[in-house]
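# Breakdown of the fold
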Amino acid sequence: MKKYLVSTVAAAALLFGAATAMAQDVDPNAKQGGEIVITYKDDVATLDPAIGYDWQNWSMIKSLFDGLMDYKPGTTELVPDLAESYEISPDGTTFTFKLRKGVKFHNGREMTAEDVKYSIDRVVNPTTQSPGQGFFASIKGYEEAAAGKADGLSGITVVDPLTIKFELTRPDATFLHVMAINFSHVVPKEEVERWGADFGKHPVGTGAFKLGEWTLGQRLVFERNADYWHKGLPHLDKITFEIGQEPIVALLRLQKGEIDVPGDGIPPAKFQEVMNDPEQKARVVEGGQLHTGYVTMNVNIPPFDNVKVRQAVNMAINKDRIVQLINNRAVPANQPLPPSMPGYAKDYKGYHYDPAKAKELLAEAGQAAGFTTDLYVMNTDPNPRIAQGIQQDLAAIGIKANIQALAQANVIAAGGEKEGAPMIWSGGMAWIADFPDPSNFYGPILGCGGAVPGGWNWSWYCNEDLDKKAAEADSIVDPAKQEERNKMWSDIYVKIMEDAPWAPVFNEQRFTLKSARMGGDDSLYVDPVHIPINYDNVYVKDVQ
Amino acid sequence: MTNPTVPDLASPALSAGSQPPAKPRPGVLRRLVKRRLAVLGLVIIAITVLGAIFAPWLTAFGPDEQLFDGLTLSGEPLPPNVTYWLGSDLLGRDLLTRILYGARTSLFIGVVANGTALVIGTLIGVTAGYLRGWIGGALMRFTDLMMAFPALLLAICLAAVFEPSLWIVALVIALVNWVQTARVMFTQTSSLVEREFIAAERTIGASGARILFKHILPHLVPTIIVWGTLGISTTVLLEATLSYLGIGVQPPTPSWGNIIFENQTYFQAAPWLVFFPGIAILALALAFNLVGDALRDILDPTQRGRE
Amino acid sequence: MIAYLGRRIVQSVLILLGISIITFALLYLLPADPVRQIAGRSATPATVESIRRQLGLDQPFLVQYGRYLANLLHGDLGRSYIQRSEVSQLIISRLPATLLLMVGAIVCELLIGLTMGLVAAVRRGSRTDNSLMVASFVGVSAPQFVVGLLLLYVFAVRLSWFPIGGYGTFRHLVLPSLTVGIMGAGWYARMMRSSMVDVLHQDYIRTARAKGLGRLKVLLGHALPNAILPIVAMVGIDIGILMGGIVVVESVFGWPGIGQLVWQAIQRVDIPIIMGVTLVSALAIVLGNLLADLIAPFIDPRIKLR
């Protein structure tokens, strides 16, 4: 692990006092300079932080822009970023941030608190059509601003050019995470107005890198921001992203030394081969992801309205075999949260693989003869295969599941209908956390708020009690009480598993293969927040 | 995809001068088997049909059976060996079994989709050719319109609108492939209608329906037979392509195209998973092309147009 | 001539209009909701509705189509729902790749097909003739994605003669062009053979031989030019058939053309891109047909433009 100078009093002082700036020391082994090449298959959609929301552009945006908060590299620990320090009021509804002085945008202008307010107002403004609008719902004035009736959020006040204050309608324990998310990253008004809807192709931020060149469909180049406020970062001078490279081609080029990291990962067909070669295996970093793959069961559609049937499904799936189908690149899951998420219930055993018991449960539910149903799945590999694996397991206990392999958007549409899809395999659409907080796995996909037409709670599970507990847990803003909060969330998810609206199947592991010249702590290569790697903090060893 | 063996009829300017054929003479089959290539085609078709029918008896496994021994411990498929003659696929299923059952899918869709396309195309083409006037004109303008539609994109959009099933796939293919048939039928019917004996029948006072059924349709039969055969080839290829893109036949029903789709990520390590089904597709399409081409030579030599 | 051209242009415009309304209607009928794709998974229902209103997707079908058409007449193909960039920009940036592929394919088709047909005609009835004709049938019956994967495997993976997909140099162009071109080559081979056979039987060929001109000279100087003409007229129509293959081939080879663009757009229900690429493809087909029809009379004076 990297060594950082962490203020030891910080943890205790957080509630009533100011959070001191965590002086993040830079890795002393890092060399300055050098360039790397990263490949991707798909074109980058957009680099506008208010709009970009796919796993490919997420960390690219993090390198071009900054937000008030960020995470310690390689971890899920929150640290102040553009903010030098912050204060939280005792009742947890007011957050005041003091900004760093002298932070410059790539166009030379100094950043102020006005820019922070502008950026967040912009995301909430309906004309921006930002997918992240809802994250700011706890700020005062959200309703009016989101409806377009007000020009900005009344709850955000610019106290002075370096101080900004947020007033919330309720205490929100996730607020600091929201300040770290891409949607909160700061953009310069003049550039947004200059480029309009094309700002996504001409991004200007305060980040460690700036955009050098972008040839659509072929290449993007990031260049080091020499004026970056965090001295010593980034280490690299240039990152070239080559687009349109199939994963197998990327791997071959890596083997020839032409590229440094295949952005889409190791292709499944080559996985065994790579892991069997000690030289290549040494350059593979394995890490967890904040991801869970699960089967949803619609509680509105019989017989899934009977909890015993749902529990039977949980026991019928041979998770080890499913993991084998994807070359053991995952670990079986027994609860909604992934192991690396705070709040993960380590001691929870979950449902074992036991087809005999599953059949018993079905009989108890009055379904001894089995039944026919539909299993929806996204039609890109490997999901239809996984669905067929699940189908076979279900057939073994008498459930005949017909597979509906549709385009992603069609599956989402079916899931959002009250009696649309009885079962859905979430692969390809599986939940990866927006930020490393247990609440992120609840609201849209398991809470009552998501069980609406067009929602993402495809099991239509709505437990009012749990909703209340969730809101309670989220109002525990006090950092000293985080353990208690995490425990509350663990309990919530264990209770959910008792009701079994889901059958969690596996948590995907991440395997990053890098070239020999790349340096930096391993955790940077499986950074839970920056995928595939933490661009700002990695370096190359062969700089002259 | 349009069948490229009759390109000239796509353009009105170049279709001048094609004559409608004489009625089919007896002994077509005999003449057919004298041609070596046609025989090859018939043999392939026969093998496919027999394989499809007798699949359950020819193999020890079920097409959907995911066998534990079918994969290595790390989830990789097995190459052809003693147990799995053509190897196993990515779910541990026997490839030979899947290919044999896949023949059922290909034949089913080939016949149903092509049959439907034939019916639609003939209805539209003959109606337009017989009625002429503004109805005929409108129908042919519509046909021209559909011809300018990029076929695969149309198929993809149609497939996305409906919930997938074997019948829907057949329907989608039919809706894309009827256009060529319509055009051909139109041209044939128009020429026939202009022929003297039709005029003669009219003066005698024969009803429209009588003329249509007794004099026109019999002359169209050879064309229908030829197009019916050639069309199956196009249909097989289109179904394979749609399944390859993931929007055709639904798993676990095996189709040669979706076998390739499911297994293509492994094609470097396990190329047999792509090539065995690929050869099957090629063979069936080739067979129908050979037979259809021979039929055209026998029944309707003038229809080769500018060839 | 002008009158004919004028009429054809009007027809083409009507055809494109028809295609635009059919495509728009199909996309409108999709059960998938594009707004949900844009809004992402953390969006509240209020956000989703707000985006829907912003994009005008809550309007009835005819209003939406009317708006699209009005923009189209100004050359505005709209903005991608997902990328927010202008569709025309996206298409223009990728069109050269697709056009390059088509040119490559046509070159392959003609080179391979015409040579095969020529040789087959000259050696009519021989085993060479038979083999070539069988080969041409195989070419026409082979599914393009299988051919593509086969060529990739043999020549790029195993032999490393060519790069494994991608774009940039001439060597990247060879395998994809061959893949698209093989089907057409089979077709041209058969057409060329018939055409050559016809021409070789003509009187003027016998006269040329009788005059003492060498076989090769007669073949290349007299027969070939006359045989080729009707085939060249077909190239225009070819474009339509080639258009059908680009989605698949660009996907197999990772070729950054409009086929790949529209395939990604279909996955994400990015309607403006799907509309744009469909219209551009249809335009290419229509122009190709028009070209073929215009050339035809110059080749065969018997044909009159109707």
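All values derive from a computational prediction rather than experimental measurement. (Residues numbered from 1 in each chain as written. Chains lettered and ligands numbered in written order. Predicted model: local features only at pLDDT ≥ 70, side-chain atom pairs only at ≥ 80, totals over all residues. Heavy atoms only, no water.)

## A few points about the packing of helix 6 (residues 127–141) of chain C against helix 8 (residues 170–200) of chain C
Residue and element names in this part refer to chain C. Where helix 6 meets helix 8, the closest approach of the two axes is 7 Å, and the angle between their N-to-C directions is 140°. By the angle between their axes, helix 6 is oblique relative to helix 8. Our pair here, helix 6 against helix 8, has a crossing hand that is left-handed. Residues Asp 129, Met 133, Ser 136, Phe 137, Gly 139 and Val 140 of helix 6 lie in contact with helix 8, whose contacting residues are Ile 182, Met 183, Gly 186, Trp 187, Ala 189, Arg 190 and Arg 193. (Axes fitted to C-alpha atoms, helices over the stretch in contact; angles between N-to-C directions. Helix = DSSP H or I, 4+ residues; strand = E, 2+ residues; numbered from the N terminus. Parallel < 35°, antiparallel > 145°, perpendicular 65-115°, else oblique. Left-handed = near helix turned anticlockwise from the far one by under 90°. Contact = heavy atoms within 4.5 Å.)

## Examining the pairing of strand 8 (residues 209–215) of chain A
Residue and element names in this part refer to chain A. Bridging between strand 8 and strand 9 (residues 219–224) involves six bridges; their strand directions are antiparallel. Within strand 9, the position partnered with Lys 210 by the bridge is Glu 223. Counted along the chain from strand 8 to the antiparallel partner strand 9, the turn is three residues long, and its residue Gly 217 has a positive phi close to 80°. (Pairing = 2+ DSSP bridges.)

## Some thoughts on the sheet that holds strand 6 (residues 156–160) of chain A
Where strands meet in a sheet, backbone hydrogen bonds hold them as pairs that are either parallel or antiparallel. Residue and element names in this part refer to chain A. As summarised here, the arrangement of the four strands in space is 4-5-7-6, forming an open sheet in which the pairing is antiparallel. Of all the strands in the sheet, just strand 4 (83–88) and strand 6 have a single pairing partner and so form its edges. Going across the sheet, the axis of each strand differs from the next one's by a mean of 20°, ignoring polarity. Here strand 4 pairs with strand 5 (residues 94–99) via five bridges, running antiparallel. Of the residues in strand 5, the one forming a bridge with Ile 88 is Phe 95. Docked against the sheet, helix 3 (residues 113–124) engages strand 5, strand 6 and strand 7 (163–167), running at close to 170° with respect to strand 6.

## So, the interface of chain B and chain C
Taken together, the contact between chain B and chain C spans 53 residues of the former and 57 residues of the latter. Roughly 5100 Å² is buried in total at the junction of chain B and chain C, and carbon and sulfur atoms are behind 78% of that figure. Taken together, chain B and chain C are joined by one salt bridge. The partner of Arg 190 of chain C in a salt bridge is Asp 293 of chain B, with the nearest N and O atoms 2.7 Å apart. At the boundary of chain B with chain C, the tally comes to two residue pairs in polar contact (both at pLDDT 80 or more). If you tally residues by element for the side of chain B that touches chain C, the top one is helix 11 (residues 272–299) of chain B, at ten residues. For the side of chain B that touches chain C, a count of residues per class yields 37 nonpolar, eight polar and eight charged. (Buried area = accessible area lost by both parts, 1.4 Å probe. Salt bridge = Lys/Arg side-chain N within 4 Å of Asp/Glu carboxyl O. Polar contact = N/O pair within 3.5 Å; in protein donor to acceptor, adjacent residues only side chain to side chain. Nonpolar A, V, L, I, M, F, W, Y, C, P; charged D, E, K, R; others polar.)

## Considerations on the sheet that holds strand 11 (residues 261–262) of chain A
Spatial ordering of the open sheet is given by 8-9-10-1-11 (chain A), a layout of five strands whose pairing is mixed. The strands lining the two open edges of the sheet, one partner per strand, are strand 8 and strand 11 of chain A.

## Concerning the confidence of the model for chain C
Overall, the predicted model of chain C reaches an average pLDDT of 86, with 98% of residues at or above 70. What the predictor reports for the complex is a pTM of 0.86 with an ipTM of 0.87. (pLDDT = per-residue confidence, 0-100.)

## Regarding the pattern of salt bridges
Note on pairing: side chains with opposite charge can pair once their charged atoms come close. All names here are of chain A. A complete count under the given rule lists 38 salt bridges over all chains for this structure. Arg 517 serves as the salt-bridge partner of Asp 542, at 2.9 Å between the closest nitrogen and oxygen. Residue Asp 542 is located in the segment after strand 21 (539–540), and its partner Arg 517 is located in the loop between strand 19 (502–513) and strand 20 (518–519); the two are separated by 25 residues in the primary sequence. Accessibility expressed as a relative area gives 39% for Asp 542, which makes it partly exposed. (Buried < 20%, exposed > 50% of the residue type's maximum accessible area, 1.4 Å probe, protein only.)

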